Amino acid sequence: LALVRMDKLVEAESAFRSALAHAPHLSEAMTELGIVLFRRGCLDEAQRNLEESLATNPQSIPALTNLGFLLIEKNNFVQAEIHFREALQHSHDPQILLGLARIEIAQAHHEVATQFLQEAIQSSHDLHGAHLLLAQIFHGAGDFEQAAAAYEAALALHSDDAQAHFQLGMIRLQQNQLEEASDAFFAAAYINPTLAAPHLEL
């Protein structure tokens, strides 16, 4: 777990495998190994570990939630929703609501997704991803002010998000607020100089 916090995922994977070699039915180790494998992009093996963990501990919120997000990556929204709904029966962790929102967005159910996102943000204001998803929904609907407010809320949490600065710049450009747009594009280009789009818009 310490290695995960240090973002040393290869070493963390080795440690969890060692734990499971000594205690093959330790569901927490299965879950954490599955999460590490998911973060490393090994989706099939990650899924197997998370499913094995759930076979041992069916109410594991981390296993249910991470398996839900993994299944979203595989575009298996039906099974993902089943796992998130099961998790929601035992916890109101805002990450569960975020997962359900992503499923609704994938199916173009934006009103329902917005409700999930707003509920998640009320539960925890430190949800960068929820603000970004809200911004994308509002932007797509042409509600520029609410979209801008959501991007600004996301940037208040993570000011180094170049894409959020860029999208905020696009909104200000559409509103003909050129100075604000320029500031946002400069910020995006400064944070990530390899992004071509902010330079083009400038």
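Draft legend 1. Broad picture of helix 5 (residues 61-73). For helix 5, built from 13 residues, the straight-helix expectation of 18 Å at 1.5 Å per residue is met to within 8% by its first-to-last C-alpha distance of 19 Å. Looking at helix 5, one finds that the buried residues are I61, A63, L64, T65, N66, L67, G68, F69, L70, L71 and I72. On its buried side, helix 5 packs onto helix 3 (27-39), helix 4 (43-56), helix 6 (77-88) and helix 7 (94-106). One side-chain oxygen at the N-terminal end of helix 5 lies 3.3 Å from the backbone nitrogen of A63; it belongs to S60.

Draft legend 2. The arrangement of the environment of A148 in detail. Mapped onto the secondary structure, A148 falls in helix 10 (residues 144-157). Along the sequence, A148 and A106 sit 42 residues apart, while their C-alpha atoms lie 22 Å from each other. Not counting chain neighbours up to four residues away, the residues in contact with A148 comprise L168, I171 and R172.

Draft legend 3. Main features of unusual backbone geometry. Positive phi values are uncommon outside glycine, yet N75 reaches one of about 60°. In this structure, N75 sits in the loop between helix 5 and helix 6. Accessibility expressed as a relative area gives 56% for N75, which makes it exposed. Even without a glycine there, the phi angle at A108 is positive, about 60°.

Draft legend 4. Examining the packing of helix 3 against helix 4 more closely. Remark: helix 3 packs on helix 4, axes separated minimally by 8 Å, with the N-to-C direction vectors making an angle of 160°. The pairing of helix 3 with helix 4 is recorded here as roughly antiparallel in orientation. As helix 3 packs across helix 4, the resulting crossing turns out to be left-handed. For the pair helix 3 and helix 4, contact is made by S27, M30, T31, L33, G34, I35, L37 and F38 and by L43, E45, A46, N49, L50, E52, S53 and T56, respectively.

Draft legend 5. Main features of the packing of aromatic side chains. For the structure on display, the rule yields two aromatic pairs. Ring centres 5.1 Å apart and planes at 75° place the aromatic pair F69 and F84 in the edge-to-face group. Of this pair, F69 sits in helix 5 while F84 is found in helix 6, placing the two residues 15 residues apart along the sequence. The pair formed by F69 and F84 is uniform in burial state, with each residue classed as buried.

The rules behind each value
- Residues numbered from 1 in each chain as written.
- Predicted model: local features only at pLDDT ≥ 70, side-chain atom pairs only at ≥ 80, totals over all residues.
- Heavy atoms only, no water.
- Helix = DSSP H or I, 4+ residues; strand = E, 2+ residues; numbered from the N terminus.
- Expected span 1.5 Å × (residues − 1).
- Buried < 20%, exposed > 50% of the residue type's maximum accessible area, 1.4 Å probe, protein only.
- Contact = heavy atoms within 4.5 Å.
- Polar contact = N/O pair within 3.5 Å; in protein donor to acceptor, adjacent residues only side chain to side chain.
- Axes fitted to C-alpha atoms, helices over the stretch in contact; angles between N-to-C directions.
- Parallel < 35°, antiparallel > 145°, perpendicular 65-115°, else oblique.
- Left-handed = near helix turned anticlockwise from the far one by under 90°.
- Phe/Tyr/Trp six-rings, centres within 6.5 Å; stacked < 30°, edge-to-face > 60°.

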